[in-house]
Amino acid sequence: MKDGFVRLGELISSAPLQRCEQENYPVLSMTMHDGIMLQSERFKKSLASADTSNYKVVNRGQLVVGFPIDEGVIYIQKAVDTGIMSPAYNVWNVSPKINSDYLELYLHSPYAMNYYLANLRGTTARRRSLPTEVLLDLPVFLPELQKQQTTVDVFAKLKVITKKQHEQLKKLDELVKSRFMEMFGDLSSPSCRWNKNKLSHICVNYDDIKCGPFGTQLNKNEYTATGVPIWEIAQINSMFTTKPVHFITQDKAVSLNAYSIKPGDIAMSRKGNVGRCAIFPETLQNGIIHSDILRIRVDQNQVLPVFIVHQLRYSNHVKHQIELVSSGAIMAGINVTKLKQIEIHIPPLPLQQQFAAFVEKVDKSKLAVKQSLEKLETLKKSLMQQYFG
């Protein structure tokens, strides 16, 4: 077989519809970056409807097309021999003419992703769809099977290395947690010897704990393409590694100075994943917090931000208080008044400084691993371009 392009429609065929009915199959979930996996592993519990009789049966090696497809939600089922997935997904059989792992790689190549984006139908973001006939017209570069396997092996090795680096980051985080527990003990224990104080009492000013501007204070139509950044939940979730997407003018930022965030401030999510927090780093531009963010600016003569942020993350005593004051039938949330009443423990400042020095050393190691991951991601993109165009 000569290398060349063929239509995707020549390589896949619609799988006969098979419903779960009364069978007891594991429920599978589609992810954007990690492919198809057991739903119980992804969410640590099953989120499927109690009635899964209408779910589609998906066998190992079949291609599942989800949505939004332009975000790469299209994968081969490799998790189990037989599982079930949402009836909204389309299931396809894969021809023996193509290695299924090679096909999965190709369907996430720059060429394929651009093809999806260029041919989407509809106007509503994340609800636009790719007509089946257009998907089947996708040109697929099809080398001989041995070359396909060689390509798969290259990316498999890269995936193994990347996974090990992520595991290293996780171990470093666990090391910090262990050190915190070793130095400060179980803060939820009645025998804990450290003094306690309300969060509002470890700030210089009462308003150093602040929620972002609401309503007419900042309208979305005031956002600009550049300027002073608005720091949001997405940035907290990534520990400020993702870039801001919304900005305001310098004049507007001055009028909202009470809602500013600067290095050393702790930013906390007040909705959804309540309590998720991160320290605003020295390397980023000062900005304004979003209305979904709570800012905590501590008095560093009493406590260090690095100690407080880790207490917020690791202390069951603090977590329990946040759970109690988080309200909302649909989405949990916490407001400024409630946050100010949270009690925290305050060990001697020299002990906090020892912990901060340890965290700084670990952060240097984490930075080296993250830089390695960035290089691996750059290499992957280069290889994707090289192999698939």
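These numbers were taken from a predicted model, which means no experiment stands behind them.

## A closer look at the overall build of the protein
Within the protein, the regular secondary structure consists of eleven helices and 20 strands. Based on the C-alpha atoms only, the size of the protein along its principal axes is roughly 75 × 50 × 45 Å. A total of 389 residues make up the protein; the buried ones form 45% of that total. Put simply, 74% of the contacts in the protein that link residues at least 6 apart link residues at least 24 apart. For the protein, the distance from the average site of its 47 positive side-chain charges to the average site of its 36 negative ones is 2 Å.

## A few points about unusual backbone geometry
In the segment running from F67 into P68, the intervening peptide bond is cis, with an omega of -5°. Along the chain, P68 turns up in the loop between strand 6 (63–65) and strand 7 (74–76). At E21, a residue that is not glycine, the phi angle is positive and equals roughly 55°. Secondary-structure assignment places E21 in the loop between strand 2 (12–14) and strand 3 (28–30). The phi dihedral of M239 falls on the positive side, at around 60°, and the residue is not glycine.

## What to know about the packing of helix 8 (residues 305–314) against helix 9 (residues 316–325)
In the contact formed by helix 8 and helix 9, the axes pass within 6 Å of each other and the chain directions differ by 70°. The angle between helix 8 and helix 9 falls in the class roughly perpendicular. In this structure, helix 8 meets helix 9 at a crossing whose hand is right-handed. Seen from helix 8, the contacting residues are Q311, L312, R313 and Y314; seen from helix 9, they are N316, V318 and K319. Per-class residue counts for the contact of helix 8 with helix 9 are three nonpolar, two polar and two charged.

## A look at the pattern of salt bridges
For the structure on display, the rule yields twelve salt bridges. Between D81 and R60 there is a salt bridge whose closest N-O contact spans 3.0 Å. Taken together, the residues span a long stretch of sequence, with D81 in the loop between strand 7 and strand 8 (82–85) and R60 in the loop between strand 5 (56–59) and strand 6 at a distance of 21 residues. Relative accessible area serves as the criterion here: at 44%, R60 is assigned to the partly exposed category. Residues joined in a network through salt bridges with shared partners are K78, D101 and E104.

## Structural notes on the side chain of K340
Position of K340 among the secondary structure elements: in helix 10 (residues 336–340). K340 gets classed as buried once you look at its relative accessible area, which sits at 5%.

## Some details on the packing of aromatic side chains
Two measures describe an aromatic ring pair: the distance that separates the ring centres and the angle between the ring planes. Taken as a whole and judged by the stated rule, the model has 16 aromatic pairs. The interplanar angle of 85° and the centroid separation of 5.6 Å between the aromatic rings of Y106 and F388 together place this pair among those described as edge-to-face. Note that Y106 is positioned in helix 2 (residues 100–106) and F388 in helix 11 (residues 349–388), a separation of 282 residues in sequence. Assigned by exposure class, Y106 and F388 land together as buried.

## Section: the pairing of strand 19 (residues 293–296)
Where burial is concerned, the two faces of strand 19 agree: the one with I293 and R295 and the one with L294 and I296 are both buried. Across three bridges, strand 12 (residues 209–211) lies against strand 19 in antiparallel orientation. Across the sheet, the residue bridging to I209 is I296, located in strand 19.

## As for the sheet that holds strand 9 (residues 90–94)
If you trace the four strands from one edge of the open sheet to the other, you get 2-9-6-7, paired in antiparallel fashion. With one partner strand each, in any of the chains shown, strand 2 and strand 7 form the two edges of the open sheet. The sheet shows a mean angle of 30° between the axes of neighbouring strands, direction not considered. With three bridges joining them, strand 6 and strand 7 adopt antiparallel strand pairing. Looking across to strand 7, one finds that V64 is bridged to Y75.

## A short note on the side chain of D265
Looking at the secondary structure, you find D265 in the loop between strand 15 (260–261) and strand 16 (266–269). Here K262 takes part through its backbone nitrogen, which lies 2.9 Å from a polar atom of the side chain of D265. Once you skip the residues sitting within four places of it in the chain, D265 turns out to touch S260, A278, I279, F280, R295, I296 and R297.

## Details of the nonpolar core
Residues Y116, L138, F184, I296, I308 and L339 are the most contacted members of the largest nonpolar core, which totals 78 residues. The leading source of residues in this core is helix 11, at eleven residues. In this view, I296 contacts L199, D208, I209, D265, I266, M268, L312 and L339; residues no more than four positions away in its chain are not counted. Among the nonpolar cores identified, the runner-up in size contains 18 residues, and L218, Y223, Y259 and A267 belong to it.

Rules behind the numbers
- Per chain, the residues get numbers from 1 upward, laid out in the order the sequence is written.
- Side-chain atom pairs in this predicted model are given and counted only at pLDDT of 80 or more, local residue features only at pLDDT of at least 70, and totals for whole chains, interfaces and linings cover all residues.
- Excluding hydrogens and water, the side-chain figures rest on all heavy atoms present in the structure.
- Numbering goes from the N terminus for both helices and strands, where a helix is a DSSP run of H or I of at least four residues and a strand is a run of E of at least two.
- Here the term buried applies to any residue with accessible area under 20% of the maximum for its type, exposed to any over 50%, and partly exposed to those in between, with areas from a 1.4 Å probe on protein chains only.
- Note on contacts: a residue pair qualifies if any of its non-hydrogen atoms lie within 4.5 Å across the two residues.
- Charge counting follows a simple rule: Lys and Arg are positive, Asp and Glu are negative, and His as well as the terminal groups are ignored.
- Charge positions are represented by NZ for Lys, CZ for Arg, CG for Asp and CD for Glu.
- All axes are obtained by fitting lines to C-alpha atoms, using only the stretch in contact for helices, and the reported angles, taken between N-to-C directions, cover 0 to 180 degrees.
- Note on terminology: angles under 35 degrees are roughly parallel, angles over 145 are roughly antiparallel, angles of 65 to 115 are roughly perpendicular, and the others are oblique.
- The crossing is said to be left-handed when, going from far helix to near helix, the turn is anticlockwise and less than a right angle, and right-handed when the turn is clockwise.
- We call Asp, Glu, Lys and Arg charged. Ala, Val, Leu, Ile, Met, Phe, Trp, Tyr, Cys and Pro are nonpolar, and the rest, Gly among them, are polar.
- Think of a salt bridge as a Lys or Arg side-chain nitrogen and an Asp or Glu carboxyl oxygen that are within 4 Å of each other.
- Pairing of aromatic side chains requires ring centres within 6.5 Å, counting the rings of Phe and Tyr and the six-membered ring of Trp. Pairs whose planes differ by under 30 degrees are stacked, by over 60 edge-to-face, and all others tilted.
- One requirement defines pairing of two strands: DSSP has to find at least two bridges between them.
- For this analysis, a polar contact is any N or O atom pair within 3.5 Å, provided that within protein one partner can donate a hydrogen and the other can accept it, and provided that sequence-adjacent residues contribute only side-chain to side-chain pairs.
- Nine residue types can take part in a nonpolar core, namely buried Ala, Val, Leu, Ile, Met, Phe, Trp, Tyr and Cys, and a core is a set of them joined through side-chain atoms within 4.5 Å.

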